[in-house]
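Inside the fold
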Amino acid sequence: MTKAQLYQKACMLPLLPGVYIIRDAEGVIIYIGKAKRLRTRVSQYFREGVPHDAKVTRMIENAFEFDVIVCQSEFEALVLEASQIKAHTPKYNILLKDDKGYSYVRVTREAYPRLSAVLQKEEDGAEYIGPFTSSFAVREMVGTAQDCFQLPRCNRRFPEDIGKGRPCLNAHIGKCMGLCSGKISREAYNEAVAGAVHMIRYGKKEIIKNLEERMNAAAERLDFEQAALIRDQLAAIRKVSEGQKVVVDERTQMDVIALAATTRAVCAAVLRYRRGRLADKREFVFHDTADADGVREEFLSRYYLDGEEIPRTIAVDALPEDADALAQLLEQTRGAKVHLYVPQKGDVAKLVTMAYTNAVERLARESGRYGKQERLLDETAQVLGLAAPPHRIESYDISNWGEGTSVCGMVVFEEGKPKKSDYRRFKMRTVLGTDDYASMAETLSRRAAEYEKPDAAGSFAQKPDLILLDGGRGQVSAVQAVLAGTKLADVPLFGMVKDDHHRTRAIVAPGGEEITISMHRGIFTFITSIQDEVHRFAIAYQRQAQKKKSYSSRLTEVPGVGPAAAKALLVKFRTVAAVREASVEQLCETPGVGPVTAQAIFAHFHPQTALDKPSDSPHNETCPQDGAPKEV
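What counts, and where the lines are drawn
- The residue numbers shown here count from 1 along each chain, following its written sequence.
- pLDDT decides what is reported in this predicted model: residues at 70 or higher carry local features, side-chain atom pairs at 80 or more are listed and counted, and totals for whole chains, interfaces and linings draw on all residues regardless.
- Processing note: side-chain calculations cover all non-hydrogen atoms of the structure and skip hydrogens and water entirely.
- All axes here are fitted lines through C-alpha atoms, helices being fitted over the stretch that makes contact, and every angle between N-to-C directions spans 0 to 180 degrees.
- Numbered from the N terminus, helices here are DSSP runs of H or I no shorter than four residues, and strands are runs of E no shorter than two.
- Any angle that is under 35 degrees is reported as roughly parallel, and any over 145 degrees as roughly antiparallel; angles of 65 to 115 degrees are reported as roughly perpendicular and all others as oblique.
- Handedness of each helix crossing follows the sense of rotation of the near helix against the far helix: counterclockwise by less than a right angle gives left-handed, clockwise gives right-handed.
- What makes two residues a contact is simply this: any of their non-hydrogen atoms within 4.5 Å.
- Each residue gets one label: Ala, Val, Leu, Ile, Met, Phe, Trp, Tyr, Cys and Pro are nonpolar, Asp, Glu, Lys and Arg are charged, and the others, such as Gly, are polar.
- Here the nonpolar core consists of buried residues drawn from Ala, Val, Leu, Ile, Met, Phe, Trp, Tyr and Cys, with membership extended through side-chain atoms lying within 4.5 Å.
- Type-normalised accessible area, obtained with a 1.4 Å probe on protein chains alone, sets the label of each residue: buried when under 20%, exposed when over 50%, and partly exposed for intermediate values.
- DSSP-based pairing: two strands are paired if at least 2 bridges between them are found.
- Looking at any residue, its pLDDT shows the predictor's confidence there, from 0 to 100.
- Throughout, the arc means that of the directions going from the helix axis to the C-beta atoms.
- By definition, disulfides here are pairs of cysteine sulfur atoms that lie within 2.5 Å.

Bringing the packing of helix α4 (residues 74–88) against helix α11 (residues 323–334) into the picture now. Between α4 and α11, the least distance of the axes is 9 Å, while the angle of their chain directions is 60°. Here α11 runs oblique to α4, going by the angle between their axes. Once α4 is placed against α11, the crossing between them reads as right-handed. Of α11, the residues touching α4 (which contributes Glu 74, Phe 75, Leu 78 and Val 79) are Ala 325, Leu 326, Gln 328, Leu 329 and Gln 332. Taken together, the residues of the contact of α4 with α11 sort by class into six nonpolar, two polar and one charged.

Moving on: the nonpolar core. Val 256 and Phe 494 are the most contacted members of the largest nonpolar core, which has 43 residues in total. Those elements that place two or more of their residues in this core are β7 (253–261), β8 (265–274), α12 (347–367), α13 (372–384), β13 (406–414), β16 (466–470), β17 (493–498) and α16 (521–555). Among all residues touching Phe 494, those that are not within four sequence positions of it are Leu 384, Leu 386, Leu 466, Ile 467, Leu 468, Leu 469, Val 476, Ile 507, Val 508, Ala 509, Pro 510 and Ile 515. One finds Val 105, Ile 129, Val 197 and Ile 208 within the second-largest nonpolar core, a separate group that totals 29 residues.

Turning our eyes to something else, we now look at the sheet that holds strand β2 (residues 29–35). If you trace the three strands from one edge of the open sheet to the other, you get β2-β1-β3, paired in antiparallel fashion. Here the strands that pair on one side only, and so sit at the sheet edges, are β2 and β3 (65–70). For this sheet, the mean inter-axis angle between neighbouring strands, taken without regard to orientation, is 20°. Relative to β2, strand β1 (residues 18–23) runs antiparallel, the two sharing six bridges. Note that in β2 the partner of Tyr 20 across the bridge is Gly 33. In the packing of α4 onto the sheet, the strands contacted are β1, β2 and β3, and the crossing angle to β2 comes to about 165°.

To continue, consider the sheet that holds strand β11 (residues 339–341). Judged by pairing direction, the sheet is mixed, and its five strands sit side by side in the order β9-β8-β7-β10-β11 without closing on themselves. Every interior strand has two partners, whereas the edge strands, β9 (277–287) and β11, have only one. Across the sheet, the mean angle from the axis of one strand to that of its neighbour is 15°, orientation sign disregarded. Taken together, the nine bridges between β7 and β8 define a ladder with antiparallel strand orientation.

Relative to the helices and strands, Glu 442 resides in helix α14 (residues 436–452). By relative accessible area, Glu 442 is classed as buried at 9%. For Glu 442, the residues in contact, after removing those within four places along its chain, are Lys 427, Met 428, Arg 429, Thr 430 and Val 431.

Mean pLDDT for the protein: 82, with 87% of residues reaching 70 or above. Per-residue pLDDT stays below 50 along residues 241–248; that stretch engages in 18 contacts with residues further than four places along the chain or on separate chains. For the stretch residues 613–632, pLDDT sits under 50, and the model shows 30 contacts to residues farther than four places along the chain or on other chains.

Position of Arg 446 among the secondary structure elements: in helix α14. Judged by relative accessible area, Arg 446 falls into the buried class, the value being 18%. Sequence-distant contacts of Arg 446, defined by excluding residues within four places in its chain, comprise Phe 426, Lys 427, Met 428 and Arg 429.

The set of residues buried in helix α3 (residues 54–62) consists of Lys 55, Met 59 and Ile 60. Buried residues in α3, looked at end-on, bunch into an arc of 135°, giving them a common side. Along its buried surface, α3 packs onto α1 (3–10), β1, β2, α2 (38–46) and β9.

Along the chain, Arg 214 falls in helix α8 (residues 204–220). For Arg 214, a relative accessible area of 22% translates into the label partly exposed. C-alpha separation for the pair Arg 214 and Ile 230, spaced 16 residues apart in sequence, amounts to 7.6 Å. Sequence-distant contacts of Arg 214, defined by excluding residues within four places in its chain, comprise Glu 191, Gln 226 and Ile 230.

Summed over all chains, the structure comprises zero disulfides. Not part of a disulfide, Cys 168 finds its nearest cysteine sulfur in Cys 176, a span of 5.3 Å. Using a relative accessible area of 28% as the deciding quantity, one classes Cys 168 as partly exposed.

Attention now goes to the environment of Val 348. Tracing the chain through its elements places Val 348 in helix α12. Sequence separation of Val 348 and Ala 315 is 33 residues, and the distance between their C-alpha atoms is 7.5 Å.

Quick look at the structure:
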């Protein structure tokens, strides 16, 4: 069937929940999905003009036929979808591969054993503890054991290097017992290693009791060095235990999940908390898609229904459309209550942010875009729904003062950094009084006109990838209207809204809806820096213009000095103070200032001196005729 025929068939489907199964020309199932309304969901795949990401586009190109199974509820559709995906593993459904293999704790068998975390078990005579499914947990266990028992991490070999060279920095700061110094016996070191292995196998509670008994015994036999070493180990264990209490309640059993996306991939990060501590971190990367919401909807059910342990609490960055049905299915599978929610504030909200940061960092490693600014642009594109990262961003802010005069500042950010050489300033020409909407509209209208000029040069010759306005729906609507039909009409346009404390609160989309950015810390800081910079630039221009106007008004108080002459004097002397200090001869050098005007200016600022001078001063003969320069 052609795409048009598939669309016609989809338009005949009912508006009921169900599962749809898409096959290729050979009858192979290539995608299985669920829908709250089958007609709406399936028809959007085959409707002309609907944009899709790369993965969905390829799926549609290979689609030849589809079937549907109508269900009684969204919950039934979710259960059926999960079972069908598990049975058929379609090509275009997400695959939950997080590139994790088995991990081990390796303990060498030698005179002075060493601990390490490894991914492969080898026939080298060493003892291997494991396997563990989480390499993260293994690294954490080994690092904690080394910290608690002050075991060496260096590359020195023992006993060969004992007594050779000075102890390293770790020994000086208390993170290593300093075996290389020669002050630690082999027996004491091996006891520490045995304690570390015991802690890895059985946890901290039992080893603390054992160490306390050994410390007391060493003190009774006056072996104070051994007692002090065990005391330090106990202190380290307690310190590490306290530092690892990310979630205070030891009964906490929770997963924290957040997704991040670029224009090429989506990553889901899962932080697993067991007994109040971070026990594991998992990351799943899905390529050729930028649809984080679509991936989230499929990921949450697939992840837990593929045999993964379902905890009491699941905190997510956003709920999928089928959240109620998903929660019901998770509770049915677990056999107990499951709390699936989005935390709004507090410690758990911070953990969601941490999961999001891990997802962003993983995507940065995947794509090779390690620069902070580049990652911010990728995130900005995802949050705002842009087709590509905005390499050139222009931002505008209106500033005005009491008498109704308005100016506008334009700042430019390229590759996430300010480009001050492209900053521009606008003074309102057509707007009378204080009208921010009209002022913003005039500014962007002039900006578009400058871009459309055949001889456009400099900053105005470049087309922005994103325009940010300081303001809300009113400013966005006004600018949308004036840009319609211009060459800037297709540039994404958003407003930046502030709260009562003059801090960035949200982004306003062209349709008027607000996009919350507070959950995305990096984007929040980036957008705030743009808003602060354009506000600073606009205010600076307004103050400069106001100051010049104030200077000009002081000069027009001089008899015979009009606005044109005042402007010419400020161009030449810069300040009123410099005009005051100028001689009649210097004043005469100003274009448009003749002998009479120069004498009047001098007399205004030096009344006593002017009274002492004869009226037919010879200096007046060198002055040009009074006149006014042309307005620029």
